[in-house]
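Overview (structure and organization)
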Amino acid sequence: MMHYPPSIRRLIGRLQALPGIGEKTAERLALHLVRVQRKEAEALAYAILNVKEKVRLCARCFGLSDTDICGICSNPSRDASLLCVVENVSEMIAIERSGAYCGRYHILQGALSPMDGIGPNDIRIHELLLRVDEGEVKEIILATNTHLEGESTAIYLSELLEGRPVRVTRIASGVPLGGDLKYVDQMTLKRAMETRHVLG
Ligand code: ZN
């Protein structure tokens, strides 16, 4: 590291701060960037700045979007009577990749976790109830992760939704207990979505 000029050392340091990038990879990427044409480096720098400027949370589902309302929420061919509740954007992307779902989403931005001080007011539960009360949603599919926090969140939500005129289902087995949805393969996720069941 010390053999590099300060500007390259700085770049290696920045790259190394990214998740999944170790010192060797950071070094390799930095040296690659030194070699590329200026316009390629500019395009990378611009792409990074552009996501920082443009990306925000969709005002309806709290997924990532370049506009106030995201592409899925504003797509009229998506089934507005189905609402799939997930913890984070990565799970939404995993379900989209499975191709098994044509409804809309609600991204909670986390799961209930009393141990970490995350209660119902810290995730987007209130906004979920507002969407349900609009009356368009007929089925809520609880697709939170199958680890403890995800399960507790699903149970909490199913109790909260009791008495409201919606069918509440939970994605079915096939998803390993204690597992993270984003690591589940597409087929398993597809089957889990197809064989969802009514809770309680
Ligand atoms: Zn949206």
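The structure presented is a predicted model; accordingly, all values stated were derived computationally and were not measured.

What follows deals with the overall build of the protein chain. When helices and strands are counted, the protein chain shows 7 helices and 7 strands. Reading the protein chain from its N terminus to its C terminus gives the helix and strand order α-α-α-β-β-β-α-β-α-β-α-β-α-β. Relative to the 2.2 N^0.38 estimate, which gives 16 Å for 200 residues, the radius of gyration of the protein chain is 21 Å and therefore markedly larger than a compact globule would have. With respect to the three principal axes, the spread of C-alpha positions in the protein chain is 65 × 35 × 35 Å.

Another point: the coordination of the zinc ion. Looking at the zinc ion, the protein donor atoms are C58 (SG), C61 (SG), C70 (SG) and C73 (SG), and they sit 2.3 Å from it. Each of the 4 donor atoms bound to the zinc ion contributes to angles spanning 107 to 116°, and the resulting shape is tetrahedral.

On to the packing of aromatic side chains. Using the criterion set out here, one finds 1 aromatic pair in the structure. Arranged with centres 5.1 Å apart and planes meeting at 65°, the rings of Y101 and Y105 form a pair that is edge-to-face. Overall, Y101 belongs to the buried group, its relative accessible area being 8%.

What follows concerns the domain arrangement of the protein chain. Many descriptions give the size of an interface as the accessible area lost when the pieces come together. Under the domain assignment, the protein chain is made up of domain 1 (6-54) and domain 2 (64-198). Taken over C-alpha atoms, the centre of domain 1 sits 35 Å from the centre of domain 2.

Across the protein chain, the average pLDDT comes to 91, with 94% of residues at 70 or higher. Across the protein chain, strand β4 (residues 103-107) holds the top mean pLDDT of 98, while helix α7 (residues 186-194) sits lowest at 72.

Moving on: helix α1 (residues 6-16). The α-helix winds at 3.6 residues per turn, so residues separated by three or four positions along the chain end up facing the same way. Residues of α1 that are buried include every one of I8, I12 and L15, and no others. Buried residues in α1, looked at end-on, bunch into an arc of 65°, giving them a common side. In α1, those exposed residues whose orientation departs by more than 90 degrees from the buried face are P6, R10 and R14. In this fold, the buried residues of α1 make contact with α2 (23-35).

Bringing the environment of L64 into the picture now. As for its placement among the helices and strands, L64 is situated in strand β2 (residues 64-65). Measuring from C-alpha to C-alpha, the distance between L64 and L148 comes to 26 Å, with 84 residues separating the pair along the chain. Ignoring sequence-local partners within four residues, the contact set of L64 consists of V55, R56, L57, C70 and V89.

With 5 of 5 residues buried, β4 is to be regarded as a mostly interior element. Bridge count between strand β3 (residues 79-86) and β4: 5 bridges; the pairing is parallel. Bridge assignment links V86 to a residue of β4, and that residue is I107. Traced from β3 through helix α4 (residues 89-98) to β4, the parallel crossover comes out right-handed.

Turning next to the side chain of E87. You can see E87 is positioned in the loop between β3 and α4. For the buried E87, no salt bridge exists, and the shortest N-O distance to an oppositely charged side chain is 6.7 Å, to R170.

Before going further, it helps to spend a moment on the environment of E139. Assignment of secondary structure puts E139 in strand β5 (residues 139-142). Given the relative accessible area of 8%, E139 is considered buried. Dropping the residues within four chain positions of it, E139 is found in contact with S81, L82, L83, R167, T169 and R196.

The subject of this paragraph is unusual backbone geometry. Despite not being glycine, F62 has its phi angle at roughly 70°, a positive value. Tracing the sequence through the fold places F62 in the loop between β1 (56-57) and β2. In this structure, Q109 takes a positive phi of about 65° despite not being glycine. Checked against the element boundaries, Q109 lands in the loop between β4 and α5 (125-133).

Basis of the calculations
- Residues numbered from 1 in each chain as written.
- Predicted model: local features only at pLDDT ≥ 70, side-chain atom pairs only at ≥ 80, totals over all residues.
- Heavy atoms only, no water.
- Helix = DSSP H or I, 4+ residues; strand = E, 2+ residues; numbered from the N terminus.
- Rg over C-alpha atoms; globule rule 2.2 N^0.38 Å.
- Donors = N, O, S within 2.8 Å, 3.2 Å for Na, K, Ca; no water.
- Tetrahedral: all angles 85-135°; square planar, octahedral: opposite > 155°, others 65-115°.
- Phe/Tyr/Trp six-rings, centres within 6.5 Å; stacked < 30°, edge-to-face > 60°.
- Buried < 20%, exposed > 50% of the residue type's maximum accessible area, 1.4 Å probe, protein only.
- Domains from an automatic or database assignment.
- pLDDT = per-residue confidence, 0-100.
- Arc of directions from axis to C-beta.
- Contact = heavy atoms within 4.5 Å.
- Pairing = 2+ DSSP bridges.
- Right-handed = clockwise from strand over helix to strand, strands pointing away.
- Lys, Arg positive; Asp, Glu negative; His and termini not counted.
- Salt bridge = Lys/Arg side-chain N within 4 Å of Asp/Glu carboxyl O.

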